[in-house]
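Below are the chains, spelled out letter by letter.
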Amino acid sequence: MGSKSDWDIMSNVSKTLEKFGIGSENRVISAHRAPHLLTEYVETARDRGLKVLITGAGLAAALPGVTAAHTPLPVLGVPLDAGGFGGMDALMAIVQMPPGVPVGTLAVGKPGAINAAILAASIIALSDDSVRARLDDFRAAQTQAIADTPPPDQA
Ligand code: RP5
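Let me begin by describing the structure that accompanies this report. (Residues numbered from 1 in each chain as written. Predicted model: local features only at pLDDT ≥ 70, side-chain atom pairs only at ≥ 80, totals over all residues. Heavy atoms only, no water.)

On to the side chain of Asp6. Here Asp6 lies in the segment before α1 (7–19). With residues near it in sequence (within four places) discarded, Asp6 still touches Met1, Gly56, Ala57 and Leu80. (Helix = DSSP H or I, 4+ residues; strand = E, 2+ residues; numbered from the N terminus. Contact = heavy atoms within 4.5 Å.)

Laid out in structure tokens, this is it:
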């Protein structure tokens, strides 16, 4: 994430990944304030065994795009509301990548952070039977938890 101020939302990524038995590294590396550190981190990510990079940033939100520029790994981007435009600024910055350098862009804020982790689990599940089984269980439990009628006092 681009700032420690993003952690309140981005902590939902690692919490969700844990449900699928997926470990993660959590790092604050700003594309604007620490550009050289970002380059080093991203360029070594694949050789260190990382499979998916989940990025979250607000305001100009360069982090996801710059990350994608430095690696062929799948890069997911979570736009964050850091004030001003309700996260629309970050959403537009992250989703509008030039052809050839994709960022899988999620919803603004907590829903996006949770879905980024689930999408990463789906990618990892393609080559990991344990994660695949947990993902199937998660989807089944989610379906099971949906009531097919509203509570009596709202009917
Ligand atoms: C972005 O600027 C960060 O991702 C954060 O969302 C926003 C504000 O950062 P701080 O000023 O709180 O460090 O780079």
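Continuing now.
Right, let's talk about helix α2 (residues 35–43) for a bit. Every buried residue of α2 is listed here: Leu38, Tyr41 and Val42. Take α2 and look down its axis: the buried residues cluster within an arc of 90 degrees, on one side only. With respect to the buried face of α2, the exposed residues turned more than 90 degrees away are His36 and Glu40. Packing partners of the buried residues in α2 comprise β1 (53–58) and α3 (63–69). (Buried < 20%, exposed > 50% of the residue type's maximum accessible area, 1.4 Å probe, protein only. Arc of directions from axis to C-beta.)

Their axes nearest at 8 Å, the elements α1 and helix α5 (residues 110–125) cross at an angle of 30 degrees. As judged from the angle between their axes, α1 and α5 are roughly parallel. As for how α1 packs across α5, the hand of that crossing is right-handed. In this structure, α1 contributes Ile9, Met10, Asn12, Val13, Thr16 and Leu17 to the contact, and α5 contributes Lys110, Ala113, Ile114, Ala117, Ile118 and Ala120. (Axes fitted to C-alpha atoms, helices over the stretch in contact; angles between N-to-C directions. Parallel < 35°, antiparallel > 145°, perpendicular 65-115°, else oblique. Left-handed = near helix turned anticlockwise from the far one by under 90°.)

Moving on to the nonpolar core. In this structure, Met10 and Ile22 are the most contacted members of the largest nonpolar core, which totals 21 residues. At the level of elements, α1, β2 (75–80), α5 and α6 (129–145) are the ones that each hand at least two residues to this core. The dominant element in this core, judged by the number of residues it contributes, is α5, at eight residues. Beyond its immediate chain neighbours, meaning those up to four positions away, Ile22 contacts Leu17, Ala121, Ile124 and Val131. Within the second largest apolar cluster, 17 residues are counted, among which are Ala31, Leu38, Leu53 and Ala61. (Core = buried A, V, L, I, M, F, W, Y, C linked by side-chain atoms within 4.5 Å.)

From the geometry alone we can't say anything about function, so treat these as descriptive.
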